[in-house]
Amino acid sequence: MTKTSPITGVVAIGRNEGERLKRCLRSVVGEDVPAVYVDSGSSDDSVAFVDKMGVPIVDLDMSIPFTAARARNAGYEKLVSLHPELDFVQFVDGDCEVVEGWLAEAAATLQDDEKLGVVTGWRSEIKPDETVYNAICHDEWRAPAGPIEACGGDMMVRRAAYDQIGGFNDTVIAAEDDEFCIRIGAAGWKLLRLPREMTRHDAAIYRFGQWWKRAVRAGHGFAQVGDMHKGYFAAPRRRVLFYAVVLPLLSVVGLLVWWPLVTVAALIYLASFAKTTMSLIRAGKTVGPAMHHALFMVLSKFPNLIGFIQYYQRKHRGSEMRIIEYK
């Protein structure tokens, strides 16, 4: 088994992940690196299992609004206090297992280029064919390798880069990893996605309601991070406003004033569905799954819009930014 340099440590976060957390921590312990686990109020046997493994545990104060960003920051602080010699920290969600050899390769990549602040790889779903929702997640993770602007929460970060920007923003409830990466890049660091497997994820999305809440959360992230960093998420925000606001309004006007407008709106939705379907087929999907996936991609604009509204309501009222859970 590949062993990694002691300059690398791992922060895992989770709540009620059960078997997923066990796979996650076993994959890390198998790489023989120092690790900490941050628990956010689990009611299952997560804490007991981690304690038996001998992995240090950080119990978040749940009287303070929880965010994944706050959990990662707390884990980072604990890890570096225990191991001040570390240069790199791998963040991983508790529903993911780290692929053997990833930690060593990511650390070597960071060592080879002192200007690199973040290295990531590919996530893949453990059960992509179990539900259409898992398949959607699997496709989302397959972004092109090479220089990147941002990535998901599974990433290896250079401590100097993390410390320079002050870590994650605790108030960001979704797309906090994008927001973190934007500031890393703005501070002059490079970010890179390697063309190899990094983690295996278990989305475990079996119900439409779970998918809907996840899409609401994504919309909240589009709005919040786009508001914080002007121009970021501009394209997805435009698509949400067009497909979930402009076209429905056009349809209503058509029903009240001139019915051909309803046909125009319907044809635009159909064209978007057909374009997405063909794109997925070219990417290797068969016709049936491609059409099913495309339908959800078109539909997702509506829960995304709900996420937009929730963010701006919270901002206007000065309310706390609380997470939107889908599991």
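Higher on the page you've got the structure.
The following paragraphs examine the structure supplied in this document. (Residues numbered from 1 in each chain as written. Predicted model: local features only at pLDDT ≥ 70, side-chain atom pairs only at ≥ 80, totals over all residues. Heavy atoms only, no water.)

The side chains of a regular strand alternate, first on one face of the sheet and then on the other. With three bridges connecting them, strand 5 (residues 96-98) and strand 9 (residues 190-201) associate as antiparallel partners. Along strand 9, the bridge assignment pairs Cys96 with His201. Bridge count for strand 6 (residues 116-125) against strand 9 is eight bridges, and the pairing is parallel. Considered in strand 9, the bridge of Trp122 is made with Glu197. (Pairing = 2+ DSSP bridges. Helix = DSSP H or I, 4+ residues; strand = E, 2+ residues; numbered from the N terminus.)

Ranked by size, the top nonpolar core spans 50 residues in total, and within it Val11, Phe91, Val118, Met155, Phe180 and Ile184 carry the most contacts. Top contributing element to this core by residue count: helix 3 (residues 68-82), with seven residues. When neighbours within four sequence positions are excluded, Ile184 is seen to be in contact with Val118, Ala161, Tyr162, Ile165, Trp189 and Leu191. Of all hydrophobic cores here, the second largest spans 27 residues; its members include Cys24, Val55, Cys96 and Ala106. (Core = buried A, V, L, I, M, F, W, Y, C linked by side-chain atoms within 4.5 Å. Buried < 20%, exposed > 50% of the residue type's maximum accessible area, 1.4 Å probe, protein only. Contact = heavy atoms within 4.5 Å.)

The tally for this structure, following the rule as stated, stands at 19 salt bridges. Linking Glu19 and Lys22 is a salt bridge whose minimum nitrogen-to-oxygen distance equals 3.3 Å. Here Glu19 pairs with Lys22, and both are found in helix 1 (residues 19-29), just three residues apart, close to one helical turn. For Lys22, a relative accessible area of 14% corresponds to the buried category. The partner of Arg322 in a salt bridge is Glu320, with the nearest N and O atoms 2.8 Å apart. (Salt bridge = Lys/Arg side-chain N within 4 Å of Asp/Glu carboxyl O.)

The next thing to look at is the side chain of Glu176. When you line up the elements, Glu176 lands in helix 7 (residues 176-186). Glu176 sits in the buried class, given a relative accessible area of 7%. Here the side chain of Glu176 touches Arg72 through a polar contact of 2.6 Å, side chain to side chain. (Polar contact = N/O pair within 3.5 Å; in protein donor to acceptor, adjacent residues only side chain to side chain.)

The geometry of an aromatic ring pair is captured by the separation of the ring centres together with the interplanar angle, meaning the angle of the planes. Summed over all chains, the structure comprises 17 aromatic pairs. Ring centres 3.6 Å apart and planes at 25° place the aromatic pair Tyr76 and Tyr162 in the stacked group. Pair noted here: Tyr76 is in helix 3 and Tyr162 is in helix 6 (residues 159-165), with a separation of 86 residues, a long-range link. Each member of the pair, Tyr76 together with Tyr162, is buried. Considering the side-chain rings of Tyr162 and Phe180, the 6.0 Å spacing of their centres and the 50° angle between planes classify their relative orientation as tilted. Placement of the pair is Tyr162 in helix 6 and Phe180 in helix 7, with a sequence separation of 18 residues. Residue classification places Phe180 among the buried residues on the basis of a relative accessible area of 0%. What links up through ring pairs into an aromatic cluster is the set Tyr76, Phe91, Tyr162, Phe168 and Phe180. For Arg72, the ring lying beneath its charged end belongs to Phe168, and the centroid distance is 5.4 Å. The ring centre of Trp141 lies 4.6 Å from the NZ or CZ of Arg123, which sits over that ring. (Phe/Tyr/Trp six-rings, centres within 6.5 Å; stacked < 30°, edge-to-face > 60°. Lys NZ or Arg CZ within 6 Å of the ring centre and 35° of its normal.)

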